[in-house]
Amino acid sequence: MNWFKTAVPALFAFVISVAASESVTDDWNQFRFRGAGVAEMEVVKTSGQSFPSAAKIAVKAARPLTYDVQLAAPCALPLELDGEVVEVIFHARCLSPLPGKNYAQVQALVEVAGPPWSKFVFTPVQITGNTWKRYHAFGRSRPAKKDAKRDFGPGETQVGFNLAYGPQTLELAGVEVVKHKGVTATEGLPISPFYYPGREANAAWRAEAEKRIETIRKGDFTLKLEDAAGNPLAGVPVRVEMVRHRFPFGSCINRWMAVDDDNDNQQRYLDEFAKWFNQAVFESSMKWHNGFAVDDEVRSVMKFLKENRISLRGHCTLWPSWQMTPPWLRLLEKRPDAIREVVRDHIFYQIGTLKDDVVEMDLVNEPYTHNDLIKLLGGEKVIGDWFRTARQAAPDLPLYINDFGILVSADKPEDEHRKHYHEVISRLLQEKAPLGGIGMQSHFTDPQAPENMLKILDEYGKYGLPIKLTEYDFNTFDEALAGDYMRDILYVAFSHPAVEGFLMWGFWDGQHWLGNAPIFRADWSLKPSGKVFDELVHHRWSTRLEGKSDATGIYAGRGFYGDYRVSVTTGDGKTVEVPFTLEPGITNYTVKVK
């Protein structure tokens, strides 16, 4: 790291409150500033404030990663990775806003000061106006994994700000770090408001999305109701209820959570999964570096999914770096031809084993950042070879490529990561490789404008392939913001004609890689984003109709595509339920009521 070390006496006054009003005050003299060649920092005096000086930071250009420009200092507060809530309070003012905005932006952070850089706070904050204001950024740490370090003493964590959002100038001062105990929901906390374009309840873009949804996700139907002898059932009461969406709304499922009979939350986990989702993907069990094998436990989860009519997508065959492949593979690093054969065998084994159990497969994951095997085997042409090998193993299985950093950077100009994804997809199609779909992971820390995300989807939609949002979550402590963003990301996905699925990367805080899932808190209470998901997916975008058949036994209506239950009350007063599936391009259905 290219750190510029600056001695800054009394730059920030840290007031650290530990739960029940216990406090310690320290003055810090050593701050580290990283400018990445696009930013400068100086210490300036203040007047009329409770703090005598401030850090003035001028950023000249955006960088791909917000932490490319960072101001940070060691934190003296002992912290634990146990789900506790940590708050950063600071003062700031905006001297020059981001282009086209009326604010500057920082990402307040408290994190472990070294790999794996576990976060306590990782929260974007918008700085408005050129007068000093007080801001509050909250975060909740993810409980440490079993046998992992969880207690961090003074100096083992750091507090600071990431700033590489674009040209902007601002001043920061008067920072406090506060640790809270016993906080579950965020309602009532002084969270600094965050605005993204299109968040308004009456935003025009959302009205346009509603129109597209009506066109692309719904269809007219005509049910011809007949008795067992083929006679029309005229004038009978009819109820048509959607029971399952055609559009996949899903989540990753954790194998260990699903099979651990000693876990008190196991049954609740499975029950909620079956209630909320119609598609699943294993969180880790299909990854090569985790020792992929279809054992009894994996089969048990597959059985549960099948019994509940939940389809399964595969993730992932190749995550092509040394880090994400079995450790023994690197022993062959000097023998690329051997590695080529081993990878080919792995593709054949995994795809051949799973082809009847999954509806699609993420064949290659994150080729921009995890590319050791790609480089070793002669460059990106090898990706096409992998797709052709998989097609030999499973002639009919849709094969996806999957990557992060696409939708989550929609507000920024196209960066090298997005450019690379276009190049890889274009090359695969030019080579006539059997690419069957495009995955966009969608792990958000900063909200992006919905209209900009729709533009990104337009760009990738031009390839004529289905797009899936494969791993959605939004790592924010602001539950109201998360609720609004869940609404808008669902509208973005469901309203775009190229998108054919939306999956989140976990739904419950108690089993989530960040401890911050979209649907349930750790105590199974429903988050605002969970309420939004339920309202949209299970109510607003669902169909329930009632009426009577006409004189010829016809009942007509319009509904969302998916599986339905038709309830018909016959002349003798009995109600008979019959299934039918409303599909695009099919209007007329005959329903036999026996």
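For the structure itself, look to the data block above.
Please read these numbers as outputs of a predicted model, since none were measured by experiment.

Rules and cut-offs
- Residues numbered from 1 in each chain as written.
- Predicted model: local features only at pLDDT ≥ 70, side-chain atom pairs only at ≥ 80, totals over all residues.
- Heavy atoms only, no water.
- Core = buried A, V, L, I, M, F, W, Y, C linked by side-chain atoms within 4.5 Å.
- Buried < 20%, exposed > 50% of the residue type's maximum accessible area, 1.4 Å probe, protein only.
- Helix = DSSP H or I, 4+ residues; strand = E, 2+ residues; numbered from the N terminus.
- Contact = heavy atoms within 4.5 Å.
- Salt bridge = Lys/Arg side-chain N within 4 Å of Asp/Glu carboxyl O.
- Pairing = 2+ DSSP bridges.
- Arc of directions from axis to C-beta.
- Axes fitted to C-alpha atoms, helices over the stretch in contact; angles between N-to-C directions.
- Parallel < 35°, antiparallel > 145°, perpendicular 65-115°, else oblique.
- Left-handed = near helix turned anticlockwise from the far one by under 90°.
- Nonpolar A, V, L, I, M, F, W, Y, C, P; charged D, E, K, R; others polar.
- Expected span 1.5 Å × (residues − 1).
- Phe/Tyr/Trp six-rings, centres within 6.5 Å; stacked < 30°, edge-to-face > 60°.
- Polar contact = N/O pair within 3.5 Å; in protein donor to acceptor, adjacent residues only side chain to side chain.
- Patch = residues over 30% accessible without salt bridge, like charges linked within 9 Å, V, L, I, M, F, W, Y side chains within 5 Å.
- Areas by Shrake-Rupley, 256 points an atom, 1.4 Å probe, with all protein chains shown as cover.
- Lys, Arg positive; Asp, Glu negative; His and termini not counted.
- Charge placed at Lys NZ, Arg CZ, Asp CG, Glu CD.

A. Structural context of the nonpolar core. With 122 residues, the main nonpolar core has Leu223, Trp386, Phe387, Phe502, Phe507 and Phe533 as its most contacted residues. Among the elements that make up this core, the one with the highest residue count is helix H10 (residues 479-495) (10 residues). Residue contacts for Phe507: discarding those within four places in its chain leaves Ser251, Tyr269, Glu272, Phe273, Phe277, Ala517, Pro518, Ile519, Phe520 and Trp524. The next biggest cluster of nonpolar side chains, apart from the first, holds 40 residues, and it includes Ala39, Leu77, Leu79 and Val86.

B. Molecular detail of the pattern of salt bridges. Taken as a whole, this structure holds 37 salt bridges when the rule is applied. Residue Lys303 pairs with Glu307 through a salt bridge whose shortest N-O separation is 2.5 Å. One end of the pair, Lys303, and the other, Glu307, are both in helix H4 (residues 296-307), four residues apart, so they sit about a helical turn from each other. This pair shows no difference in class: Lys303 is exposed, exactly as Glu307 is. The structure contains a network of salt bridges with shared partners spanning Arg199, Arg206, Asp484, Arg487 and Asp488.

C. The pairing of strand S10 (residues 103-112), seen in detail. Where burial is concerned, most of S10 is hidden: 10 out of the 10 residues are buried. Hairpin remark: S10 followed by strand S11 (residues 119-128), antiparallel, with six residues in the connecting loop; positive phi at Trp117, about 55°. Across six bridges, S10 lies against strand S14 (residues 157-162) in antiparallel orientation. Within S14, the residue paired with Ala108 across the bridge is Phe161.

D. Quick peek at helix H11 (residues 528-540). Among the residues of H11, those classed as buried are Ser529, Gly530, Phe533, Leu536, Val537 and His538. Each buried residue of H11 sits inside an arc of 160° when the element is viewed along its axis, so together they form one side.

E. Summary view of the packing of helix H9 (residues 450-461) against H10. Orientation of H9 relative to H10, taken along the N-to-C sense of each, is 30°, at an axis distance of 10 Å. Taken together, the axes of H9 and H10 are roughly parallel relative to one another. Of the two possible hands of crossing, H9 and H10 adopt the one that is right-handed. Touching Pro450, Met453, Leu454 and Leu457 of H9 are Tyr485, Asp488, Ile489, Val492 and Ser495, all from H10. Tallied by class, the residues present in the contact of H9 with H10 amount to seven nonpolar, one polar and one charged.

F. Quick peek at helix H1 (residues 204-216). For H1, with 13 residues, the first-to-last C-alpha span of 19 Å sits near the 18 Å given by 1.5 Å per residue. By the burial criterion, the buried members of H1 are Trp205, Arg206, Ala209 and Ile213. End-on view of H1: buried residues confined to an arc of 90°, all on one side of the axis. In H1, the exposed positions angled more than 90 degrees off the buried face are occupied by Ala204, Lys211 and Thr215. Against strand S16 (218-227), H9, H10 and strand S28 (554-560) lie the buried residues of H1.

G. Looking closely at the packing of helix H7 (residues 381-393) against helix H8 (residues 416-430). For the pair H7 and H8, interaxial distance at closest approach is 10 Å and the crossing angle is 55°. Judged by the angle between their axes, H7 and H8 are oblique. Both H7 and H8 take part in a crossing whose hand is right-handed. Facing H7, whose interface residues are Lys381, Ile383, Gly384 and Phe387, H8 presents Val424, Arg427 and Leu428. Split into classes, the residues belonging to the contact of H7 with H8 amount to four nonpolar, one polar and two charged.

H. Here's a closer look at unusual backbone geometry. That bond from Pro115 to Pro116 is cis: its omega, 5°, falls within 30 degrees of zero. The residue Pro116 is located in the loop between S10 and S11 in this model. In the segment running from His315 into Cys316, the intervening peptide bond is cis, with an omega of -10°. One can find Cys316 in strand S20 (residues 311-318). At Ala36, a residue that is not glycine, the phi angle is positive and equals roughly 55°. Checked against the element boundaries, Ala36 lands in the loop between strand S4 (30-34) and strand S5 (39-45). Taking relative accessible area as the criterion, Ala36 reaches 31% and is therefore assigned partly exposed.

I. Spotlight on the sheet that holds strand S29 (residues 562-569). Taken together, the four strands give an open sheet; going across it, the order is S27-S17-S29-S30, and neighbouring strands pair in antiparallel fashion. Only two strands of the sheet have a single neighbouring strand rather than two, namely strand S27 (544-548) and strand S30 (575-582). Strand-to-strand twist of the sheet, defined as the mean angle between neighbouring strand axes without regard to direction, takes the value 20°. As defined by bridge partners, S29 adjoins S30 across eight bridges and the pair is classed as antiparallel. Bridged to Arg565 within S30 is Pro579.

J. Region of the structure containing the packing of aromatic side chains. Tallied over the entire structure, the rule returns 37 aromatic pairs. Aromatic side chains Phe249 and Phe494 sit 5.6 Å apart centroid to centroid with 50° between the ring planes, which places their arrangement in the tilted category. Here Phe249 is found in strand S18 (residues 249-253), whereas its partner Phe494 is found in helix H10, with 245 residues between them in sequence. Judged by its relative accessible area of 2%, Phe494 falls in the buried class.

K. Up close: the side chain of Thr46. Assignment of secondary structure puts Thr46 in the loop between S5 and strand S6 (53-59). Within the structure, the side chain of Thr46 is placed 2.3 Å from the backbone oxygen of Phe51, a separation counted as a polar contact. In contact with Thr46, other than residues within four places in its own chain, are Phe51, Pro52, Ser53, Ala54 and Trp132.

L. Spatial organisation of a negative patch on the surface. Taken together, the side chains of Glu414, Glu416, Glu423, Asp458 and Glu459 make up a negatively charged region of the molecular surface. Elements represented by at least two residues in the negative patch include exactly H8 and H9. Secondary-structure assignment places Glu459 in helix H9. Classification of Glu459 as partly exposed rests on a relative accessible area of 30%.

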